[in-house]
Structure formats: C-alpha cells, structure tokens
Amino acid sequence: MRSPSWIRAAKWAALVLVLAVALLFPAFESDPATVNIAVFTVMYVGLATAWNIMGGYTGYVSLGHAAFFGFGAYAFGLVLAHLGIQAGYEPFLFVPIAGVLTVVLALVIGWIALRTRAATFVIVTIAMMFMVQLLAENLVGLTGGGSGLSFPVPPWTGDFFDTPFYYAMLVMAVVSLLLSWWIRRSKFGLGLLAIRDDEDKALAVGVPAHAYKLTAFVISAGLVGMIGAVYGYYVTYIYPQYAIDPLVGISLVLMVFLGGLGTLWGPVLGAVILEPAQLWLAYNFGASLLYLVFYAAVFLVVILLLPRGIIPSVGDLLKRIAARRAVGPSDTASTSDAHTVAGVPSP
Amino acid sequence: MTLLEVQSLSKRFGGVTAVDGCSLSLDLGSITGLIGPNGSGKTTVFNLITGFLAKDAGDVRFKGQSIAGFGPNRIYGLGIGRTFQLARIFPRLTALENMLVPVRRSGFRALVSRGQWNDERTRAMDMLAAMDIASVAGLLGGSLSYGQRKLLELAAVMMAQPQLVLLDEPAGGVNPALIERIGEHIRELNRQGVTFLLVEHNMPFVMGLCQKIVVLHRGAVLAEGTPADVRGNAAVLDAYLGS
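First, a word on what this report is: a plain description of the structure on this page. (Residues numbered from 1 in each chain as written. Chains lettered and ligands numbered in written order. Predicted model: local features only at pLDDT ≥ 70, side-chain atom pairs only at ≥ 80, totals over all residues.)

### Comments concerning the overall build of chain B
Under the convention used in this document: Helix and strand assignments come from DSSP, with helices taken as H or I runs of at least 4 residues and strands as E runs of at least 2, each series counted from the N terminus. All radius of gyration figures rest on C-alpha atoms, and the globule criterion is 2.2 Å times the number of residues raised to 0.38. For the exposure call, what matters is how many other C-beta atoms sit within 10 Å of a residue's own: 20 or more marks it buried, 12 or fewer exposed, and in between partly exposed, using C-beta atoms placed from the backbone.
In terms of regular secondary structure, chain B is built from 10 helices and 10 strands. Its C-alpha radius of gyration of 18 Å places chain B within 12% of the 18 Å reference for a compact globule of 243 residues. Each of the three principal axes of chain B carries a C-alpha extent, and together these read 55 × 40 × 35 Å. Burial statistics for chain B: of 243 residues in total, 45% are counted as buried.

So, in structure tokens, the structure goes:
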C-alpha cells in the first residue's frame, strides 16, 4: 500500500523533528546529569537497532551481544594505547577499527553459533559471552584482568564533557538506523525475513541462509562493537564484568521486544522508553538493582499485553480504525508495500 | 534426453533404511509420478535429491553433473525447485514478497538494492495472475487459505525458472475443483518445458497427469512404467493391499 500522501508527509515531518531534537538537544540542556542520561539512551537506540538487524529480521535471538559490546570497548582501548593516541577528538576516528576487530570475532563466533537454531542458538550465544568475559578477566597481560583497562581521559570540562560523546553515540545510532532501513528494503533483507519465517523453505527457494545469517550477525556485532568502543572512552575505565555485562545484552533485547521486534523504529522506541526509566530509577533509588524488578515487570507486560511490541500493535489498531472509518474496496486490498505490511511505518 | 538420474541411492536413519538402492531417471519435459505406500521413502528421495538430506550411498546426477552433497539453495540455483507437503510459504511476508524471495540476482549491488524491482514485480504479478491469485498479492501469506497457499507455493517456485520441479503431494488436502486447476497449471508449465516429478496419493490425479509412474516400496523401486502398466502390476497391488 502506498500510504496516502498526508501520512507520508507526516512521517517525514516526524523524522525531521526527531532528528532536529536529537541534534539540538545538548544546546538546550546543559545539566550534565540529563545529558548523561541522553548519552546512554542514544547508546541503547544504536545497540537495540543493531541487535534488531540480526534478532528482529532473521529471528535469531542472541543474548550474547554484550560480548561484542565489551570486546569493542577493550579492542578500542588497546588500539588507542598501542598507537599512543592522545585524548581529545582524535580517538573517535579510530572507532571503526574497533568495529573491524569485532567483526572478526563475530565471524568466528557466528560461524559456530549459527550451526544451531532457536533455543540452542540462544544458549550458545550466552555461553560465548561468558567465554569472552572470562578471557577478559584472565588474559591479564593484555586486558589488565580484574584491575581493568583505562582510556586516555579527554581534557573537556564538566559541563561540556558529555557533549562529544552524545554526538558520537548519535552518529552510531543514525548509522545503525540507516543500515537497518537499507537492509530491510533490500533483496538481502527480504532473504533475512524469509529465513525468519521458515528457514528450510528459504533454502528450498535458493536463499543462501548460512551466508545471509552470518552477514547479518556480523553487521549487527560490528555496530555493537563500535558503540562499545565509544562507551569505553566515555566511562574512561572498563572492567570485565561491567564492559561484558549480561544485563546489557538482556536490556537491549527487552527494548526491541517492547518497541516491536523486526520493525525499523521499534528498537528506537523501546530504548527511548526503557533506558531513561532505568536511569531515573537508579538516580532516585540509589544504584540498587530495583531496575531489574522494573524490567521484569515490563517483560511481563510485553508478554501479556503486547506480544508483538508497541509499533505492530499500535499499527494494527490504527489500521482497524482506518478500515472502520472508510469501508471500501481500496482499503481492504491494500498492502503491497514491503515497508508497511509488517506494521513498520516507512520513514 | 535424461534430465535427472538417481543411481542406487540409499539413506539410513539409525536402524531404518528409508531409501534402499533407489534408481530412477527423468526424461526432459516429462511428468513422472512417484507413488508408494506410506513410509516407502518418497519424501526421503525428494529430500535427498534437493539436498535437504545427505545420502549414505549412490549418486544424483542433474544434466550429467553429480549434485549429491550440494546444499538445497545451490541445488535450487542449478534449476531444481521443490514444494513441500502441506504447502510451505512465508507467513509474515505478503504473497508478492513470497514471489520475490526466489528471484535470483547476481552480484553484490543487486543484493543491496531494493527488494522489489519493477520487472521482477511485473513478472511476479503475471505469474500470480496465471495462477488466478493476483487479487491476494498484497495479503500476508499467513492469511491465505490453504488452496491459495498451494497455488502461491507453486507460483513462487517457478519464479527462478527451474527446469525440474519436485512436487510433494500437490493435490493433498484441497477440494476436487482446485485439484483440477492445479493439474491444469502443471500441464501448462509442462507445455512450457518444465519437467515434473511428483509424489501423490490421489491415484486418479497421478494416473491422469503422468506419462510415467515409479512405484517405491521399502525404499526401492518396485515397478515403473506407464500408468496402465503399473495399474496392472501384481507386485504393486500386493505392496498397496498386502499379500
């Protein structure tokens, strides 16, 4: 279905508005605590979007993406140290190197993990994540082990410190979204969706499923690794159990499920809802693990009320309202546009 | 000319020998029926030919080239399509998208460009129209009726223009009128040069459609010949009815 032109115009307007708000945010908000929340929120927008390229489009749920996040951070810290890069803006130029190194790791892990399907794949990714975490703890000569790895500390002062990181995270989020959008409308993306629906059938009609899955996995991991690199530089000090934190991997999955698995904007929505809420809880109730109770509650709500996530559910609701308002043949035989049928609004 | 040759193919699952030295050959442009009692190994033969199972012994040759050991997607790429028992389509893709998944493109740029090219879309719509299901092009596969799914599956398999199509129970579970239509579609595609091998339990349908029938029993070929030959074969009657 080609959406009516006013809907398309409204979507474009919304997109421009969101981008403008995201770009100008630090100019209007100078409270470091708030900008800090924004940095982490935009970070999760990128993470959830990158995860969705694998988990949403192909249906392979990885609970081990924290491994790539932490590996990217470690790889970045080590690259900066070995190349003797000074703190400041220059390190950001080396983020893609962390991405490339993460891609190499993801190729190896994916090659093995993608021989399994469904629940087995989930378990294998969890196991892989703990292996990476153990290696970070035990390769003391390389990673510093339990005493952590430090990054060069940027010379920026308090009020401004978060701003460059905010924009770096924003760039990563936008890159992830662009890739996600591009893949979804491509022939490659169609193959991924076919794998999600029925992998054997996809093979039977010529989709090279293994290569496709591995490519999606590697793209997803590479983006997560680059975001991890920016994170490491931002927090300036990383330890194995915080850089490779299972809860990071679970949070981003929850965000995607809340917003809408396999949709373009679902991961964004999920991250924008959940991450500020989690940080708000942390600030107001101390660094307790109360947010885990909150996450459990959200998970229950999603499973019980919105099993497909917010965007597909709301999309269905709007379609039903539209169909009721204008009953006619043109509204019932309708949905040949790939970007609207699965409840995904095209941008 | 022989298009596909199955030579002494065998497959064991643990202690059960599902396919036991099965040999058959398909002539270019023919429609061949593969029949046999339940558990005689018909679907296993399909899975061996199309790369879903690895053989234990024997060989499969397509246009003279051995394809045993190739993966399913590669075999489809060589020109052998298949459908599944109980019609498998992609439920969360539209019927049109179901048609576009099998389309072959070469090169990286073709892969990352849009999922729907205009010429492909036109071809898909033409094919859907030929199967009389153009009206459901925009609906999700999962919302189609079983008969529409059967037609969609057949139409989608044809999108990459395979030379040989293996149909697993094309007439299974559909009403007599639709069986008639499916038979017509197969005949029409056959007239255009497509070779068919089909597994089917509906005897009038198989006998009316196929030039040659191969009877499988306990994983091996029990008899083969024209429908008339096979119908009169005492061994075949024994296998079906028990002696």
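Still more ground to cover, so stick around.
### Things to note about the overall build of chain A
Threshold: By definition, residues are in contact whenever their C-beta atoms, placed on the basis of the backbone, come within 7 Å of each other.
For chain A, the count of helices and strands is 17 helices and two strands. Against the 2.2 N^0.38 benchmark of 20 Å for 347 residues, chain A shows a C-alpha radius of gyration of 21 Å, consistent with a compact globule. Taken over the C-alpha atoms alone, chain A extends approximately 70 × 50 × 35 Å along its principal axes. Within chain A, the fraction of its 347 residues that count as buried is 47%. Put simply, 80% of the contacts in chain A that link residues at least 6 apart link residues at least 24 apart.

### Details of the sheet that holds strand β4 (residues 57–62) of chain B
Backbone hydrogen bonds are what pair the strands of a sheet, in a parallel or an antiparallel way. All names here are of chain B. The condition is simple: Following DSSP output, two strands are said to pair if at least two bridges run between them.
Taken together, the four strands give an open sheet; going across it, the order is β2-β1-β4-β5, and neighbouring strands pair in antiparallel fashion. Each edge of the open sheet carries a strand with a single partner, namely β2 (16–27) and β5 (65–66). As judged from the nine bridges shared by strand β1 (residues 2–13) and β2, these two strands associate in the antiparallel manner. Across the sheet, the residue bridging to R12 is T17, located in β2.

### With respect to the pairing of strand β10 (residues 220–225) of chain B
Residue and element names in this part refer to chain B. Judged from the five bridges that link them, strand β9 (residues 212–217) and β10 form a sheet pairing that is antiparallel. In the sheet register, L216 faces β10, and the bridge partner there is V221. The antiparallel hairpin formed by β9 and β10 contains two residues in its connecting segment, where R218 sits at a positive phi of about 50 degrees.

### Digging into the sheet that holds β10(B)
Residues and elements named next belong to chain B. What counts here: Axes here refer to lines fitted to C-alpha atoms; in helices the fit is confined to the stretch in contact. Angles between the N-to-C directions go from 0 to 180 degrees.
One open sheet accounts for six strands, arranged β6-β7-β8-β3-β9-β10; its pairing is mixed. Across the chains shown, the open sheet's two edge strands, defined by having one partner strand only, are β6 (80–82) and β10. Across this sheet, the average inter-strand angle for adjacent strands is 20 degrees, counted without regard to direction. Note that strand β7 (residues 164–168) and strand β8 (residues 195–199) share five bridges and pair parallel. Bridged to V165 within β8 is F196.

### Observations concerning the interface of chain A and chain B
Put simply, the rule reads: Polar here means any residue outside two lists: the nonpolar Ala, Val, Leu, Ile, Met, Phe, Trp, Tyr, Cys and Pro, and the charged Asp, Glu, Lys and Arg; Gly therefore counts as polar.
Counting residues at the interface gives 29 residues for chain A and 36 residues for chain B. Where the side of chain A that touches chain B is concerned, the elements lending two or more residues are α8 (187–197), α9 (199–204) and α17 (338–341) of chain A. Of all the elements, α8(A) adds the most residues to the side of chain A that touches chain B, at eight residues. Looking at the side of chain A that touches chain B residue by residue, the classes come out as 16 nonpolar, seven polar and six charged.

### Notes on the environment of D229(B)
Examined against the element boundaries, D229(B) turns out to sit in helix α9 (residues 227–231). Put simply, D229(B) and L26(B) are 203 residues apart on the chain and 17 Å apart in space, counted from C-alpha to C-alpha.

### A word on the packing of helix α2 (residues 32–55) of chain A against helix α7 (residues 158–185) of chain A
All names here are of chain A. Defined as follows: An angle below 35 degrees is read as roughly parallel, one above 145 as roughly antiparallel, one from 65 to 115 as roughly perpendicular, and any other as oblique. The crossing is said to be left-handed when, going from far helix to near helix, the turn is anticlockwise and less than a right angle, and right-handed when the turn is clockwise.
In contact at an axis separation of 8 Å, α2 and α7 are set at 20 degrees when each is read in the N-to-C sense. Classified by the angle their axes make, α2 and α7 are roughly parallel. Of the two possible hands of crossing, α2 and α7 adopt the one that is left-handed. Residues that form the contact of α2 with α7 fall into these classes: 19 nonpolar, eight polar and two charged.

### What about the environment of M226(A)?
Residues and elements named next belong to chain A. Topologically, M226 is positioned in helix α10 (residues 209–235). Taking C-alpha positions, M226 is 27 Å from T120, a pair spaced 106 residues apart along the chain. With residues up to four places along the chain from it excluded, the contact list for M226 reads G72, V95, P96, A98, G99 and M172.

### A look at the nonpolar core
Rules: We define the nonpolar core as any set of buried residues of the types Ala, Val, Leu, Ile, Met, Phe, Trp, Tyr and Cys, connected via C-beta atoms lying within 7 Å of each other.
Core analysis: the largest hydrophobic core is formed by 172 residues, its most contacted members being M169(A), I227(A), V230(A) and A95(B). When residues of this core are assigned to their parent elements, the largest contribution, 16 residues, is made by α10(A). Once residues within four sequence positions are removed from consideration, I227(A) is found in contact with M43(A), G46(A), L47(A), F69(A), G72(A) and M172(A).

### A few points about unusual backbone geometry
When glycine is set aside, most residues are seen to have a negative phi, and most peptide bonds are trans. A positive phi angle, close to 50 degrees, is found at A118(A), a residue other than glycine. Considering the arrangement of structural elements, one finds A118(A) in helix α5 (residues 118–138). Note on A118(A): 11 C-beta atoms within 10 Å, which makes it exposed. One non-glycine residue, L86(B), lies in the positive phi region at around 60 degrees. By the element assignment, L86(B) lies in the loop between β6 and α3 (95–100).

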